[in-house]
Amino acid sequence: MQETAYAKINLALHVRKRREDGYHELETLFAFVDGGDTLLAKRAEQDRLQVVGEFSTFLTSPLPTGEGLGVGAPAFDDQDGASPPPHPPPQGGRSSGANIVMQALGALPRPNGLAITLEKNLPVAAGLGGGSADAGALFRVVERAHGLPDDWRTRAAKLGADVPACVESITCVGRGTGTDLEPIDSDLTGTPVLLVNPRVPLATGPVFKAWDGKDRGPMPEGTAREIAQAGRNDLRDPAISQCPVIAEVLAALGQSAAWKVEMSGSGATCFALFDTTEARDAAAAAMPSEWWQMAGKLR
Ligand SMILES: C[C@](O)(CO)[C@H](O)COP(=O)(O)OP(=O)(O)OC[C@H]1O[C@@H](n2ccc(N)nc2=O)[C@H](O)[C@@H]1O
Ligand SMILES: Nc1ncnc2c1ncn2[C@@H]1O[C@H](COP(=O)(O)OP(=O)(O)OP(=O)(O)O)[C@@H](O)[C@H]1O
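Read on for an overview of the structure.

Conventions adopted
- Residues numbered from 1 in each chain as written.
- Chains lettered and ligands numbered in written order.
- Predicted model: local features only at pLDDT ≥ 70, side-chain atom pairs only at ≥ 80, totals over all residues.
- Heavy atoms only, no water.
- Helix = DSSP H or I, 4+ residues; strand = E, 2+ residues; numbered from the N terminus.
- Phe/Tyr/Trp six-rings, centres within 6.5 Å; stacked < 30°, edge-to-face > 60°.
- Buried < 20%, exposed > 50% of the residue type's maximum accessible area, 1.4 Å probe, protein only.
- Lys NZ or Arg CZ within 6 Å of the ring centre and 35° of its normal.
- Near = heavy atom within 4 Å.
- Polar contact = N/O pair within 3.5 Å; in protein donor to acceptor, adjacent residues only side chain to side chain.
- Areas by Shrake-Rupley, 256 points an atom, 1.4 Å probe, with all protein chains shown as cover.
- Nonpolar A, V, L, I, M, F, W, Y, C, P; charged D, E, K, R; others polar.
- Domains from an automatic or database assignment.
- Arc of directions from axis to C-beta.
- Contact = heavy atoms within 4.5 Å.
- Pairing = 2+ DSSP bridges.
- Axes fitted to C-alpha atoms, helices over the stretch in contact; angles between N-to-C directions.
- Left-handed = near helix turned anticlockwise from the far one by under 90°.

1. Re the environment of R48
- Mapped onto the elements, R48 comes out in strand β3 (residues 48-52).
- Residues R48 and G113, 65 residues apart in the sequence, show an inter-C-alpha distance of 7.9 Å.

Next up, the structure:
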């Protein structure tokens, strides 16, 4: 069974309030690109994960030497030989170091194990919800094979604020910490999109911390296109303060024929939306070759 972990972008991201627990109340318009990581799943006695692909080596290794992170090698595994529990309990947040795919497997009880090969094509810590998209894809794999438990949204939210949206992977509005979802009819499906990342990883927590606490107002109402056109990303300036090259990426995309250029999530990836694939491809060709890029269409 194969599943794509679609890259997430935030067409608008309005941060409204810092909460006592350090999390933030926000309003966001989630959208998804028609490409990303891929998950290959096979029935197995026990859950296992192998990570391959361009960005596989950028995931934190639980092994002191970083051994096992290379292409084709097992990267994260819940087994150490003898008789490990087939479906270990969830291991808390991502800070536990376990790959979020293993955490998602642990959060979804099943009658049999799954051997997953994750092809990591998306940059890590990039504002594309890469890990969340992987977890979302895993939820869809389990849904197809066995169905999901009724409380899957709660289980998904425990893995990360972006995970519930990534399970659905359709354009939707997120509120609260980003986990209260409301579907929206998208008038942007099929829109040509270009993602550009300067290859500088940026952790999400510190970017939220650098937000100045000023509520700049709610996300506008309207169609997806109208929200994208009139909306902001309130994490843009905090992210640029920590990763100045983002301003260069935005400026480079701003030279193109795009009708919308913005940073996604907490950065550093920026996106541009176009009227035609020709305009998108011309913009892609003009980007510095050292930057990562992915061209696609919105789902
Ligand atoms: C920036 C976005 O990607 C926009 O979609 C999300 O809000 C972040 O989603 P995520 O990476 O799945 O977030 P989590 O893994 O739950 O949290 C990572 C860190 O981001 C911060 N965080 C996240 C979501 C939120 N509403 N407020 C926050 O302050 C917290 O410091 C948290 O420790
Ligand atoms: N499968 C995975 N893919 C990416 N990162 C993972 C994965 N599993 C665990 N992580 C860890 O999660 C952290 C965040 O990575 P991720 O790529 O999801 O960030 P992001 O794109 O900024 O996400 P978001 O947009 O949701 O904030 C990294 O420190 C990484 O080590």
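2. Observations regarding the packing of aromatic side chains
- Within the structure shown, the criterion is met by two aromatic pairs.
- When the centroid spacing of 6.4 Å and the interplanar angle of 75° are considered together, the rings of F55 and W292 count as edge-to-face. A residue pair is termed long-range when its members are at least 10 positions apart, and F55 in the loop between β3 and α1 (100-107) and W292 in strand β10 (residues 292-297) qualify at 237 residues.
- The class for F55 is buried, based on a relative accessible area of 5%.
- Assessed through its relative accessible area of 6%, W292 is described here as buried.
- Members of the aromatic cluster, each reached through a chain of ring pairs, are F55, F58 and W292.
- Over the aromatic face of W259 sits the side chain of R225, whose NZ or CZ is 4.4 Å from the ring centroid.
- Here the basic side chain of R299 rests over the ring of Y6, its NZ or CZ set 3.7 Å away from the ring centre.

3. Considerations on the site of ligand 1
- Residues in close proximity to ligand 1 total 17 residues, the closest being K8, N10, H24, A161 and D162.
- Interatomic distance of 3.4 Å between a backbone N/O atom of G22 and an oxygen atom of ligand 1.
- At a separation of 2.6 Å, an oxygen atom of ligand 1 approaches a polar side-chain atom of H24.
- Protein contacts shield 84% of the accessible area of ligand 1, which totals 630 Å² for the unbound molecule.
- Those elements that provide at least two residues to the shell around ligand 1 are β1 (2-18), β2 (24-44) and α5 (204-209).
- In terms of residue class, the shell around ligand 1 is made up of five nonpolar, nine polar and three charged.
- Residue-level mapping places the shell around ligand 1 at the junction of two domains, with at least three residues from each of domain 1 (2-175) and domain 2 (186-297).

4. Digging into helix α3 (residues 152-159)
- Within the sequence span of α3, burial applies to W152, A156 and L159. All buried residues of α3 fall inside an arc of 55° around its axis, so they share one side.
- Buried positions along α3 lie against α1, α2 (130-146) and α4 (163-168).
- Of the residues trailing α3, G160 is marked for its positive phi of about 160°.

5. Comments concerning the sheet that holds strand β9 (residues 270-273)
- Pairing is antiparallel in the open sheet, where four strands are placed in the order β8-β9-β7-β10. Only two strands of the sheet have a single neighbouring strand rather than two, namely β8 (260-263) and β10. In this sheet, neighbouring strand axes are inclined to one another by 15° on average, regardless of whether the strands run parallel or antiparallel.
- Across the sheet, helix α9 (residues 277-286) is in contact with β7 (192-197) and β10; its angle to β7 comes to roughly 15°.

6. Some remarks on the packing of α1 against α2
- The interhelical angle for the contact between α1 and α2, taken along N-to-C directions, is 35°, at an axis separation of 8 Å. The handedness of the crossing between α1 and α2 is right-handed. Contact residues: α1 offers I100, V101, A104 and L105, while α2 offers G131, S132, D134, A135, L138 and F139.

7. A short note on helix α8 (residues 245-254)
- Of all the residues in α8, the buried ones are V245, I246, V249, L250 and L253. All buried residues of α8 lie within an arc of 150° about the axis, which places them on one face of the element.
- Where α8 is buried, its residues touch β7, α7 (236-242), β8 and β9.

8. A closer look at the pairing of β1
- β1 sits mainly inside the fold: twelve of its 17 residues count as buried.
- When β1 meets β2, the two strands line up antiparallel, connected through 14 bridges. Bridge assignment links K17 to a residue of β2, and that residue is E25.

9. Brief notes about the side chain of R140
- One can find R140 in helix α2.
- In this structure R140 comes out as buried when scored by relative accessible area, which is 10%.
- Only 3.4 Å separates the side chain of R140 from the side chain of S169, close enough to count as a polar contact.
- Residue contacts for R140: discarding those within four places in its chain leaves E3, T4, A5, Y6, C166, V167 and S169.

By themselves, these are just geometric observations and shouldn't be taken as functional.
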